[in-house]
Amino acid sequence: YCNIHEGLMDVVASDGHKIMKTAIHTPHLGDGTHFLMPKKAAQVALSIITAEDEEVSLSFTEHEGLIEQTGYAFYFRQIEGHYPNYHSVIPIDHPHEVIADRADLISALKAVEPFSPDSSNMVTMTFLGDRLDIRGEDYDFATGANKSIAIEGFGSEQLTIGIKASSMIKILMQLDSQNVIMRLKDKNSAVTIEPDTDDKEEVKEEIIA
């Protein structure tokens, strides 16, 4: 789903369990425009768009869209209907903000994921002070593994949440910052993940998963 508003273009995708929103700064575009692109069309567009620094032209009518770049023009038919209100499902009142090294977090998740149950792929993440303990355990086979990494900003409380390891790894692999920010409320609330960038004014893209 692409939603153009207030100098931004929100690009949103969800599979019903996780959601990712990328906000691209586009001050030259108008407001109040939106369209739905099929997943297959997005995958084809991703495969044929070339250099990252080359401009891409996007135009669309009520029913069709057109992506143009040097050497090609790609047409796609839009999906009819309304996209759910994605703003309402992205938490904004999390009291805990944790900073972690992205590579360390991916490595720890990959180390314990093989020990998670096949049915759920669930691992636990326990936040305590300056440490994050990640554990995968399969009670049916009496196997388990634990990995700890350093974090910043959580405080003295302890909080344990369960997450699907493969989904978390997939999200982290889409980011390219050295550190990531995780915002948490409690064990029953969604966790948000976004890249940690030092110079906010230079950022042309904002990502929340």
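Residues numbered from 1 in each chain as written. Predicted model: local features only at pLDDT ≥ 70, side-chain atom pairs only at ≥ 80, totals over all residues. Heavy atoms only, no water.

**Student:** Outline the overall build of the protein, listing residues and values.
**Tutor:** A count of helical and extended segments in the protein gives three helices and 15 strands. The proportion of buried residues among the 209 residues of the protein is 37%. Partitioning the contacts of the protein with sequence separation of at least 6, the portion at a separation of at least 24 is 57%. Here the protein displays about 13,000 Å² of accessible surface, and carbon together with sulfur accounts for 50% of that area. (Helix = DSSP H or I, 4+ residues; strand = E, 2+ residues; numbered from the N terminus. Buried < 20%, exposed > 50% of the residue type's maximum accessible area, 1.4 Å probe, protein only. Contact = heavy atoms within 4.5 Å. Areas by Shrake-Rupley, 256 points an atom, 1.4 Å probe, with all protein chains shown as cover.)

**Student:** How would you sum up the nonpolar core? Please name residues and give values.
**Tutor:** The biggest cluster of nonpolar side chains holds 30 residues, and the ones touching the most others in it are Leu105, Met125, Phe127 and Met182. If sequence neighbours within four positions are ignored, Met182 has contacts with His96, Glu97, Val98, Ala100, Leu105, Met125, Phe127, Leu132, Met168, Val191, Thr192 and Ile193. Membership of the second largest hydrophobic core comes to ten residues, among which are Phe35, Ala45, Phe74 and Phe76. (Core = buried A, V, L, I, M, F, W, Y, C linked by side-chain atoms within 4.5 Å.)

**Student:** Before we move on, can you summarise the sheet that holds strand E8 (residues 96-101) with the specific residues and values?
**Tutor:** One open sheet accounts for seven strands, arranged E12-E9-E10-E11-E8-E13-E14; its pairing is antiparallel. The open sheet is flanked by strand E12 (158-164) and strand E14 (192-196), the only strands paired with a single partner. Direction aside, neighbouring strands of the sheet carry axes that sit 35° apart on average. Sheet topology places strand E10 (residues 131-138) next to strand E11 (residues 143-152); eight bridges connect them, and they run antiparallel. If you follow Arg135 over to E11, its bridge partner there is Asn146. (Pairing = 2+ DSSP bridges. Axes fitted to C-alpha atoms, helices over the stretch in contact; angles between N-to-C directions.)

**Student:** Provide a residue-level description of the packing of helix H2 (residues 102-112) against helix H3 (residues 165-173), including the pertinent values.
**Tutor:** When two helices pack together, you describe them by how their axes are tilted relative to each other and by the distance separating the axes. Where H2 meets H3, the axes come as close as 10 Å, and the angle between the chain directions of the two elements is 155°. Here H3 runs roughly antiparallel to H2, going by the angle between their axes. For the crossing formed where H2 meets H3, the hand is left-handed. Residues Arg102, Leu105, Ile106, Leu109 and Lys110 of H2 form the contact with H3, whose participating residues are Met168, Ile169, Leu172 and Met173. Grouping the amino acids of the contact of H2 with H3 by side-chain chemistry returns seven nonpolar, no polar and two charged. (Parallel < 35°, antiparallel > 145°, perpendicular 65-115°, else oblique. Left-handed = near helix turned anticlockwise from the far one by under 90°. Nonpolar A, V, L, I, M, F, W, Y, C, P; charged D, E, K, R; others polar.)

**Student:** Would you mind going over the packing of aromatic side chains in detail, with residue names and values included?
**Tutor:** Counted by the stated rule, this structure contains six aromatic pairs. With a centroid separation of 6.3 Å and an interplanar angle of 40°, the aromatic rings of Phe35 and Phe76 are classed as tilted. Highlighted residues: Phe35 in strand E4 (residues 33-35) and Phe76 in strand E7 (residues 72-77), separated in sequence by 41 residues. Judged by its relative accessible area of 2%, Phe35 falls in the buried class. Feature note: the residues Phe35, Phe60, Phe74 and Phe76 constitute an aromatic cluster, connected by ring pairs. (Phe/Tyr/Trp six-rings, centres within 6.5 Å; stacked < 30°, edge-to-face > 60°.)

**Student:** Please set out the pattern of salt bridges residue by residue, giving values where relevant.
**Tutor:** The final tally for this structure, using the stated rule, is seven salt bridges. Of the charged contacts in the structure, one is a salt bridge between Arg183 and Glu194, with a shortest N-O distance of 2.4 Å. One end of the pair, Arg183, is in strand E13 (residues 179-184); the other, Glu194, is in strand E14, with eleven residues separating them in the sequence. Assessed through its relative accessible area of 23%, Arg183 is described here as partly exposed. The structure contains a network of salt bridges with shared partners spanning Glu97, Arg183 and Glu194. (Salt bridge = Lys/Arg side-chain N within 4 Å of Asp/Glu carboxyl O.)

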